[in-house]
Amino acid sequence: MEYLIREALPEDMSQVLKLVKELAVFEKEPDEVEVTEQDLVKDGFSDPKKFQCFVAESETDIVGMALVYPRYSTWKGPVIHLEDLIITENMRGSGLGTALLNKVVQYGHGLGVKRISWEVLDWNEPAINFYESKGARVMRDWDVVQLNEQGIADFLKNMEQ
(Lines give C-alpha, C1' and ligand atoms only; values in the text may rest on other atoms or scores of the structure.)
Protein backbone atom coordinates (compact mmCIF):
# COMPACT_ATOMS: atom_id res chain seq x y z
CA MET A 1 0.00 0.00 0.00
CA GLU A 2 1.43 3.35 -1.03
CA TYR A 3 0.82 6.42 1.07
CA LEU A 4 2.08 9.94 1.57
CA ILE A 5 2.74 11.56 4.95
CA ARG A 6 2.18 15.31 4.73
CA GLU A 7 1.00 18.36 6.66
CA ALA A 8 -2.76 18.49 6.85
CA LEU A 9 -4.73 21.03 4.86
CA PRO A 10 -8.01 22.67 5.89
CA GLU A 11 -9.89 20.50 3.40
CA ASP A 12 -8.59 17.36 5.18
CA MET A 13 -10.38 18.19 8.42
CA SER A 14 -13.62 16.35 7.57
CA GLN A 15 -11.63 13.11 7.16
CA VAL A 16 -9.52 13.91 10.24
CA LEU A 17 -12.73 14.31 12.25
CA LYS A 18 -13.93 10.96 10.93
CA LEU A 19 -10.73 9.36 12.27
CA VAL A 20 -11.20 11.11 15.63
CA LYS A 21 -14.72 9.68 15.85
CA GLU A 22 -13.40 6.22 14.91
CA LEU A 23 -10.89 6.48 17.76
CA ALA A 24 -13.63 7.53 20.18
CA VAL A 25 -15.59 4.37 19.31
CA PHE A 26 -12.45 2.25 19.78
CA GLU A 27 -11.85 3.88 23.18
CA LYS A 28 -15.47 3.19 24.19
CA GLU A 29 -16.35 6.91 24.32
CA PRO A 30 -18.37 7.40 21.11
CA ASP A 31 -20.43 10.31 22.44
CA GLU A 32 -17.52 12.39 23.80
CA VAL A 33 -16.37 14.04 20.56
CA GLU A 34 -17.60 17.63 20.63
CA VAL A 35 -15.13 19.25 18.24
CA THR A 36 -16.47 20.07 14.77
CA GLU A 37 -14.83 20.25 11.38
CA GLN A 38 -15.14 24.03 11.61
CA ASP A 39 -13.34 24.01 14.99
CA LEU A 40 -10.49 21.99 13.51
CA VAL A 41 -10.15 24.34 10.54
CA LYS A 42 -10.27 27.45 12.73
CA ASP A 43 -7.91 26.12 15.40
CA GLY A 44 -5.42 24.47 13.08
CA PHE A 45 -5.16 27.03 10.32
CA SER A 46 -5.62 30.46 11.87
CA ASP A 47 -2.96 32.66 13.41
CA PRO A 48 -1.85 31.64 15.91
CA LYS A 49 -2.55 28.02 15.11
CA LYS A 50 -3.33 25.85 18.12
CA PHE A 51 -2.02 22.58 16.70
CA GLN A 52 -0.02 20.96 13.92
CA CYS A 53 -1.58 18.00 12.13
CA PHE A 54 0.04 15.46 9.85
CA VAL A 55 -1.96 13.06 7.72
CA ALA A 56 -1.32 9.79 5.96
CA GLU A 57 -2.95 9.87 2.55
CA SER A 58 -3.57 6.79 0.43
CA GLU A 59 -4.84 7.72 -3.02
CA THR A 60 -7.48 10.32 -2.07
CA ASP A 61 -8.33 9.07 1.42
CA ILE A 62 -6.87 10.17 4.75
CA VAL A 63 -6.15 6.87 6.53
CA GLY A 64 -4.13 8.16 9.46
CA MET A 65 -3.31 11.31 11.36
CA ALA A 66 -1.12 12.70 14.13
CA LEU A 67 -2.00 15.91 15.94
CA VAL A 68 0.51 17.73 18.16
CA TYR A 69 0.62 21.02 20.00
CA PRO A 70 3.21 23.00 21.99
CA ARG A 71 3.59 22.80 25.75
CA TYR A 72 6.20 24.01 28.19
CA SER A 73 7.91 21.96 30.87
CA THR A 74 9.20 23.77 33.94
CA TRP A 75 11.89 21.09 34.12
CA LYS A 76 12.89 20.82 30.47
CA GLY A 77 11.65 23.84 28.52
CA PRO A 78 9.79 23.58 25.21
CA VAL A 79 8.03 20.27 24.57
CA ILE A 80 5.21 19.06 22.35
CA HIS A 81 2.24 16.90 23.18
CA LEU A 82 1.01 14.23 20.77
CA GLU A 83 -2.73 14.40 21.32
CA ASP A 84 -3.62 11.58 18.95
CA LEU A 85 -1.96 9.22 16.51
CA ILE A 86 -4.79 7.45 14.69
CA ILE A 87 -4.64 4.81 11.98
CA THR A 88 -7.93 3.66 10.51
CA GLU A 89 -8.64 0.08 11.55
CA ASN A 90 -8.10 -1.60 8.18
CA MET A 91 -4.67 0.08 7.81
CA ARG A 92 -3.22 -0.90 11.19
CA GLY A 93 -0.05 -2.94 10.81
CA SER A 94 0.77 -1.33 7.45
CA GLY A 95 3.61 0.86 8.71
CA LEU A 96 1.53 4.04 8.82
CA GLY A 97 1.85 4.38 12.60
CA THR A 98 5.62 4.25 12.32
CA ALA A 99 5.63 6.74 9.45
CA LEU A 100 3.43 9.20 11.34
CA LEU A 101 5.40 8.84 14.56
CA ASN A 102 8.61 9.37 12.57
CA LYS A 103 7.12 12.60 11.19
CA VAL A 104 6.14 13.79 14.68
CA VAL A 105 9.62 13.08 16.07
CA GLN A 106 11.28 14.83 13.11
CA TYR A 107 8.94 17.81 13.59
CA GLY A 108 9.70 18.00 17.32
CA HIS A 109 13.42 17.70 16.71
CA GLY A 110 13.22 20.50 14.15
CA LEU A 111 11.54 22.69 16.77
CA GLY A 112 14.28 21.86 19.27
CA VAL A 113 11.88 20.44 21.84
CA LYS A 114 13.24 18.61 24.85
CA ARG A 115 10.43 16.05 25.04
CA ILE A 116 7.47 14.64 23.14
CA SER A 117 4.78 13.23 25.40
CA TRP A 118 1.43 11.53 25.02
CA GLU A 119 -0.99 9.22 26.82
CA VAL A 120 -2.09 5.69 26.03
CA LEU A 121 -4.92 3.75 27.63
CA ASP A 122 -3.60 1.06 29.97
CA TRP A 123 -5.67 -1.64 28.21
CA ASN A 124 -4.41 -0.76 24.72
CA GLU A 125 -1.58 -3.31 24.71
CA PRO A 126 -0.97 -3.14 20.94
CA ALA A 127 -0.34 0.61 21.19
CA ILE A 128 1.79 0.22 24.33
CA ASN A 129 3.89 -2.45 22.63
CA PHE A 130 4.23 -0.28 19.53
CA TYR A 131 5.39 2.78 21.49
CA GLU A 132 7.81 0.76 23.62
CA SER A 133 9.25 -0.85 20.48
CA LYS A 134 10.08 2.66 19.26
CA GLY A 135 11.95 3.48 22.47
CA ALA A 136 9.19 5.40 24.24
CA ARG A 137 8.89 5.01 27.99
CA VAL A 138 5.37 4.23 29.22
CA MET A 139 5.21 5.80 32.67
CA ARG A 140 2.72 3.62 34.51
CA ASP A 141 3.16 5.41 37.83
CA TRP A 142 1.53 8.65 36.62
CA ASP A 143 -2.21 9.32 36.50
CA VAL A 144 -3.86 11.70 34.06
CA VAL A 145 -5.74 14.51 35.83
CA GLN A 146 -8.40 16.56 34.04
CA LEU A 147 -11.19 19.00 34.63
CA ASN A 148 -13.83 18.73 31.91
CA GLU A 149 -16.06 21.67 30.97
CA GLN A 150 -18.55 20.93 33.77
CA GLY A 151 -15.69 20.38 36.22
CA ILE A 152 -14.26 23.80 35.35
CA ALA A 153 -17.64 25.45 35.90
CA ASP A 154 -18.11 23.63 39.21
CA PHE A 155 -14.59 24.55 40.32
CA LEU A 156 -15.18 28.23 39.59
CA LYS A 157 -18.58 28.14 41.30
CA ASN A 158 -17.02 26.59 44.41
CA MET A 159 -14.27 29.25 44.40
CA GLU A 160 -16.90 31.95 44.76
CA GLN A 161 -18.40 30.41 47.91
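Keep in mind that this is a model prediction, so the values were computed, not measured. (Residues numbered from 1 in each chain as written. Predicted model: local features only at pLDDT ≥ 70, side-chain atom pairs only at ≥ 80, totals over all residues. Heavy atoms only, no water.)

Let's talk about the side chain of Ser 58
Relative to the helices and strands, Ser 58 is located in strand 2 (residues 52-58). Among the polar contacts made by the side chain of Ser 58, one reaches the main-chain carbonyl oxygen of Glu 2 at a distance of 3.4 Å. Every residue in contact with Ser 58, bar those within four places of it in the chain, is listed here: Met 1, Glu 2, Tyr 3 and Val 63. (Helix = DSSP H or I, 4+ residues; strand = E, 2+ residues; numbered from the N terminus. Polar contact = N/O pair within 3.5 Å; in protein donor to acceptor, adjacent residues only side chain to side chain. Contact = heavy atoms within 4.5 Å.)

Some thoughts on the nonpolar core
In terms of nonpolar packing, the biggest core is built from 19 residues, with Leu 82, Leu 85, Leu 96, Leu 100 and Val 104 touching the most fellow members. Those elements giving two or more residues to this core turn out to be strand 2, strand 3 (61-73), strand 4 (77-87), helix 3 (96-111) and helix 4 (125-133). When residues in this core are grouped by element, the largest group, five residues, is from helix 3. Look past the residues within four positions of Val 104 in its chain and what remains in contact with it is Phe 54, Ala 66, Val 68, Ile 80, Leu 82 and Ile 116. Counting 15 residues, the second-largest nonpolar core is a separate cluster that includes Leu 17, Phe 51, Val 55 and Leu 67. (Core = buried A, V, L, I, M, F, W, Y, C linked by side-chain atoms within 4.5 Å. Buried < 20%, exposed > 50% of the residue type's maximum accessible area, 1.4 Å probe, protein only.)

Here we look at the environment of Asn 90
In this fold, Asn 90 is placed in the loop between strand 4 and helix 3. As for Asn 90 and Ser 46, which are separated by 44 residues in sequence, their C-alpha atoms are 32 Å apart.

Things to note about a nonpolar patch on the surface
Nonpolar side chains collect at one region of the surface, where Leu 147, Ile 152, Phe 155, Leu 156 and Met 159 lie side by side and expose about 510 Å² of accessible area between them. Its location among the elements puts Leu 156 in helix 5 (residues 149-160). Judged by its relative accessible area of 43%, Leu 156 is partly exposed. (Patch = residues over 30% accessible without salt bridge, like charges linked within 9 Å, V, L, I, M, F, W, Y side chains within 5 Å. Areas by Shrake-Rupley, 256 points an atom, 1.4 Å probe, with all protein chains shown as cover. Salt bridge = Lys/Arg side-chain N within 4 Å of Asp/Glu carboxyl O.)

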